[in-house]
Amino acid sequence: MVREHTTPRSVILTYSTCVAQGYTNFFANLSDYETTLESAPRSWGVVPAVRHAMATHPYSKHFFYLDANALIMNPSKSLESHLLEKSRLDSLMLKDVPVVPPDSIIKTFSHLQPQDVDLILSTDSESLSSGSFVIKQGEFARTFLDIWFDPLYRSYNFAKAEAHALVRVILASYRVALFYDRL
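Model, not experiment: these values are computed from the prediction.

Enquirer: How should the overall build of the protein be read in this particular structure?
Expert: Counting its regular elements, the protein contains eight helices and six strands. For the protein, the N- to C-terminal ordering of α and β elements is β-α-β-α-α-β-α-α-β-β-α-α-α-β. When contacts within the protein are restricted to residue pairs at least 6 apart in sequence, those whose partners lie at least 24 apart make up 63%. Of the roughly 10000 Å² of accessible surface on the protein, a fraction of 54% belongs to carbon and sulfur atoms.

Enquirer: For this particular structure, what's the right way to read the packing of aromatic side chains?
Expert: Geometrically, a pair of aromatic rings is defined through the distance of the ring centres and the angle of the planes. Scanning the entire structure with this criterion turns up six aromatic pairs. Every member of this aromatic cluster is reached through a ring pair, and the members are Tyr65, Phe133, Phe140, Phe144 and Trp148. Over the ring of Phe149 we find Arg154, and its NZ or CZ is 3.9 Å from the ring centre.

Enquirer: I'm lost on the pattern of salt bridges in this one. Help?
Expert: For side chains bearing opposite charge, pairing can occur when the charged atoms are close. According to the stated counting rule, one finds five salt bridges in the structure shown. In this structure, the salt-bridge partner of Arg42 is Glu34, at a minimum N-O distance of 3.3 Å. Judged by its relative accessible area of 43%, Arg42 is partly exposed. With relative accessibility at 41%, the residue Glu34 sits in the partly exposed group. As a salt-bridge pair, Asp118 and Lys136 come within 3.9 Å of each other at their nearest N and O atoms. A residue pair is termed long-range when its members are at least 10 positions apart, and Asp118 in the loop between α5 (86-92) and β4 (119-123) and Lys136 in strand β5 (residues 128-136) qualify at 18 residues. With respect to burial, Asp118 and Lys136 carry one shared label: buried.

Enquirer: What am I meant to see in unusual backbone geometry here?
Expert: Look at Glu38: it is not a glycine, yet its phi comes out positive at around 55°. Locating Glu38 in the fold gives a position in the loop between α2 (34-37) and α3 (46-56). Residues other than glycine seldom take positive phi values, yet Asp96 does so here, at roughly 60°. Residue position: Asp96 is located in the loop between α5 and β4. Here Asp96 falls in the partly exposed class, since its relative accessible area comes to 47%.

Enquirer: How do you make sense of the environment of Lys61 when you look at a structure like this?
Expert: Inspection of the secondary structure puts Lys61 in the loop between α3 and β3 (62-66). Here Lys61 falls in the exposed class, since its relative accessible area comes to 57%. C-alpha separation for the pair Lys61 and Gly138, spaced 77 residues apart in sequence, amounts to 8.3 Å.

Enquirer: What exactly am I supposed to notice about the nonpolar core here?
Expert: A general feature of soluble globular proteins is that nonpolar side chains tend to end up buried together. In terms of nonpolar packing, the biggest core is built from 38 residues, with Trp44, Phe144 and Trp148 touching the most fellow members. At the level of secondary structure, the elements contributing two or more residues to this core comprise β2 (26-28), α3, β3, β4, β5, α6 (139-148), α8 (162-170) and β6 (176-180). Examining the composition of this core, we find that six residues originate from one element, α3, more than from any other. Not counting chain neighbours up to four residues away, the residues in contact with Phe144 comprise Leu119, Ile135, Leu166, Val169 and Ile170.

About the thresholds
Residues numbered from 1 in each chain as written. Predicted model: local features only at pLDDT ≥ 70, side-chain atom pairs only at ≥ 80, totals over all residues. Heavy atoms only, no water. Helix = DSSP H or I, 4+ residues; strand = E, 2+ residues; numbered from the N terminus. Contact = heavy atoms within 4.5 Å. Areas by Shrake-Rupley, 256 points an atom, 1.4 Å probe, with all protein chains shown as cover. Phe/Tyr/Trp six-rings, centres within 6.5 Å; stacked < 30°, edge-to-face > 60°. Lys NZ or Arg CZ within 6 Å of the ring centre and 35° of its normal. Salt bridge = Lys/Arg side-chain N within 4 Å of Asp/Glu carboxyl O. Buried < 20%, exposed > 50% of the residue type's maximum accessible area, 1.4 Å probe, protein only. Core = buried A, V, L, I, M, F, W, Y, C linked by side-chain atoms within 4.5 Å.

Remember that the coordinates give geometry; whether it matters functionally is a separate question.
Take a look at the structure:
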C-alpha cells in the first residue's frame, strides 16, 4: 500500500490495516519528490511516489495508492476479496460507459476481462478519482506512470493537476477498469 504521509492517527490506522491483511506499507513523503516536480503542483508527487514504491518492492504484484483523504471503511476485508478476485472485479467493472461522465464519447471496453486489467480506478458522476487506485507491477505500469508524469502534462496547468492529466492518459488506454467509488 502506497500512502502519502498523513496525520499520525491515519498512519496508525493504515499501518494496522496493512499488518492485519499481510500487506507492506510505503508511506511517501511528497516533499521527497519536490525536485522532480519542477513547478508542477505538489499533488503530482503521487506518480514518483508510486514509482518509488514499485522500485523498492519489485516482487510485489499490486500497488494500492491511497491519498491523505482516503478512508478505509472496512479494514477486515482484504483487497483481494474486495476488489482483485476475478469474479469480484468482473462484477464491479463498468463496461461500455463513458470514461468521463456523463457524456464522453469514449467509453470503457465492453469486452475487457479481469485478468487483462492493469489499473483499477474509481469514478463518480463527475470524473475519475486519482485519490486511490490499484496498479499491477509490470511494463504497463511503468509506461503508464511515465506517460502520466510527462513534463508536457505537468506543464498544462490543468485545473485539477494530475487528476485531469490522468483522464487524458486513460482515454488512450485499454487495460483500465473503472468502478463506482462507493464500495
